[in-house]
Amino acid sequence: MTPNEFLMAGEGPNARTGVLLIHGLSGTPMEMRILARGLNAAGFTVFAVQLAGHCGTMDDLLNSSWAEWLGSAREGLDWLGTQVDRVFVGGLSMGSVLALALAEERPAQVAGVLALSTTFRHDGWSMPVYTRLSFLLPLLRSLGIGRHRQFMELPPYGIKDEGLRERVVGQMHGGDSAAAGLPGNPWWSVAELQGLSAHVRRRLDRVRSPCLVVHARHDDIASMSNALDIQQRVRLAPVELLLLDDCYHMITIDRERRTVIARCVEFMQQHAPARPAASAAPETAAGPDTERARARTAGSPA
């Protein structure tokens, strides 16, 4: 278990239901912390995974591929599955794309999907005009061009709440990538995301797990069309769409975070009815954030 990953063991009738949370491109498990606390307060066992190449330097991210990011998510799913009876997978931004990939690959393992601010395309209203040329990035990468170039984050940085935005931006530019992620997305990593997105979108008709799709109407990073792709292409499972009016891309921390938490809890309770409390205590149920290193390091992926 890496220092940035965290496990919150559940208690009560929902404890045998696990939730795997997956962060976004150039992000960190910390961006899932508020959502994780809300789900854990409802009794669910929550594990936030760190993707390969993240929480380090720009070169660390550049040296990782979307296949490795998906591999990290698979490892998290497999490990959490040994601790609980069923697992929901949830992700923010690119993490949502990875959650959908797991549902496509492992229908028997995924009880449901929490698709939050899904980002197949960086096509939100705050994205610079030049991002419309991002389809050229795979070619540039194949030619070895632009390795150290990046799309820098721009106001409002995915956050509508001004006070929160100021604090997060300060962390982003403070050099601690484990706390708030990197301040930009490298061109080559965005090219990797494009490859992942194409892979997942082509296979959305394979998803058999129920999906909760939550998106801001005025998402500044990824337009609402990204959410509608899921609603239109997933045909073998129920898809519920929730659109939010008072937040931007970072819906797990912005003004409507409580609505997001409440709806995720309701969705999981609907699709995985709680068991009696007497049979609900998982092996790691020592309380939130306790013994998490012991819980995952015993024969689990690093």
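All values reported here derive from a predicted model rather than from experimental measurement.

Novice: In this structure, what is going on with the overall build of the chain? I would like to understand it.
Specialist: When helices and strands are tallied, the chain shows eleven helices and nine strands. By sequence separation, contacts in the chain at least 24 residues apart represent 82% of the contacts at least 6 residues apart.

Novice: What am I meant to see in the sheet that holds strand E3 (residues 45–49) here?
Specialist: Strands pair in a sheet through their backbones, by hydrogen bonds, and they do so in one of two ways: parallel or antiparallel. Taken in spatial order, the seven strands make up an open sheet running E1-E3-E2-E4-E5-E8-E9, and their pairing is mixed. Each of the sheet's edge strands pairs with one partner strand only, and the pair in question is strand E1 (6–8) and strand E9 (239–244). The mean inter-strand angle of the sheet, taken between neighbouring strand axes irrespective of direction, is 15°. Of the strand pairs in this sheet, strand E2 (residues 17–22) and strand E4 (residues 86–92) are connected by six bridges, and their pairing is parallel.

Novice: Could you clarify how one ought to interpret the confidence of the model for the chain in this entry?
Specialist: Close inspection of predicted coordinates is inappropriate in any region flagged by low pLDDT. With 84% of its residues at a pLDDT of 70 or more, the chain shows a mean pLDDT of 87. Segment residues 277–302 is flagged for pLDDT under 50; beyond a separation of four residues in sequence, or across chains, it makes 54 contacts in the model.

Novice: What am I meant to see in helix H4 (residues 94–105) here?
Specialist: Note on helix geometry: an α-helix contains 3.6 residues per turn, so any two residues three or four positions apart are oriented the same way. The first and last C-alpha atoms of H4 sit 17 Å apart over twelve residues, in line with the 16 Å expected at 1.5 Å per residue. Taking burial as the measure, the twelve residues of H4 include eleven buried ones, the bulk of the element. Buried within H4 are the following residues: Met94, Gly95, Ser96, Val97, Leu98, Ala99, Leu100, Ala101, Leu102, Ala103 and Glu104.

Novice: Can you help me understand the nonpolar core in this one?
Specialist: A general tendency of soluble globular proteins is for nonpolar side chains to be buried together. One finds Leu20, Ile22, Val89, Leu102 and Val113 to be the most contacted residues of the largest nonpolar core, which totals 48 residues. Tallying contributions element by element places H4 first for this core, with eight residues. Of all hydrophobic cores here, the second largest spans 33 residues; its members include Phe44, Leu164, Ile251 and Val265.

Novice: Just checking my understanding: could you explain the environment of Thr259 for this structure?
Specialist: Along the chain, Thr259 turns up in helix H10 (residues 257–271). C-alpha of Thr259 to C-alpha of Leu242: the two residues are 17 residues apart in sequence and 9.9 Å apart in space.

Novice: So what exactly am I meant to see when it comes to the side chain of Ser117 here?
Specialist: On the secondary structure map, Ser117 appears in the loop between strand E5 (110–116) and helix H5 (137–142). Using a relative accessible area of 0% as the deciding quantity, one classes Ser117 as buried.

Novice: Explain the packing of aromatic side chains to me, please; I cannot follow it from the model alone.
Specialist: The description of an aromatic ring pair rests on the distance of the ring centres and on the angle between the ring planes. Under the criterion given, the structure shown has three aromatic pairs. Across the ring face of Phe6, the terminal group of Arg33 is positioned such that the distance to the ring centre comes to 4.0 Å. A cation over an aromatic ring shows up here: Arg201 above the ring of Phe120, its NZ or CZ 5.9 Å from the ring centre.

Novice: Would you take a moment to explain helix H8 (residues 187–201) for this structure?
Specialist: Helix length check: H8, at 15 residues, gives a terminal C-alpha distance of 21 Å against a target of 21 Å (1.5 Å per residue), a fit within 8%. Every buried residue belonging to H8 is among Trp187, Trp188, Ser189, Val190, Ala191, Glu192, Leu193, Leu196, Ser197, His199 and Val200, and all of these are buried.

Novice: In this structure, what is going on with the packing of helix H3 (residues 66–81) against H4? I would like to understand it.
Specialist: When two helices pack together, you describe them by how their axes are tilted relative to each other and by the distance separating the axes. Between H3 and H4, the shortest axis-to-axis distance is 10 Å and the interhelical angle comes to 65°. Every pair of crossing elements has a handedness; the one defined by H3 and H4 is right-handed. Every residue of H4 that contacts H3 at Trp69, Leu70, Ala73, Arg74 and Leu77 is listed here: Met94, Leu98, Ala101, Leu102 and Glu105.

Cut-offs applied
- Residues numbered from 1 in each chain as written.
- Predicted model: local features only at pLDDT ≥ 70, side-chain atom pairs only at ≥ 80, totals over all residues.
- Heavy atoms only, no water.
- Helix = DSSP H or I, 4+ residues; strand = E, 2+ residues; numbered from the N terminus.
- Contact = heavy atoms within 4.5 Å.
- Pairing = 2+ DSSP bridges.
- Axes fitted to C-alpha atoms, helices over the stretch in contact; angles between N-to-C directions.
- pLDDT = per-residue confidence, 0-100.
- Expected span 1.5 Å × (residues − 1).
- Buried < 20%, exposed > 50% of the residue type's maximum accessible area, 1.4 Å probe, protein only.
- Core = buried A, V, L, I, M, F, W, Y, C linked by side-chain atoms within 4.5 Å.
- Phe/Tyr/Trp six-rings, centres within 6.5 Å; stacked < 30°, edge-to-face > 60°.
- Lys NZ or Arg CZ within 6 Å of the ring centre and 35° of its normal.
- Left-handed = near helix turned anticlockwise from the far one by under 90°.

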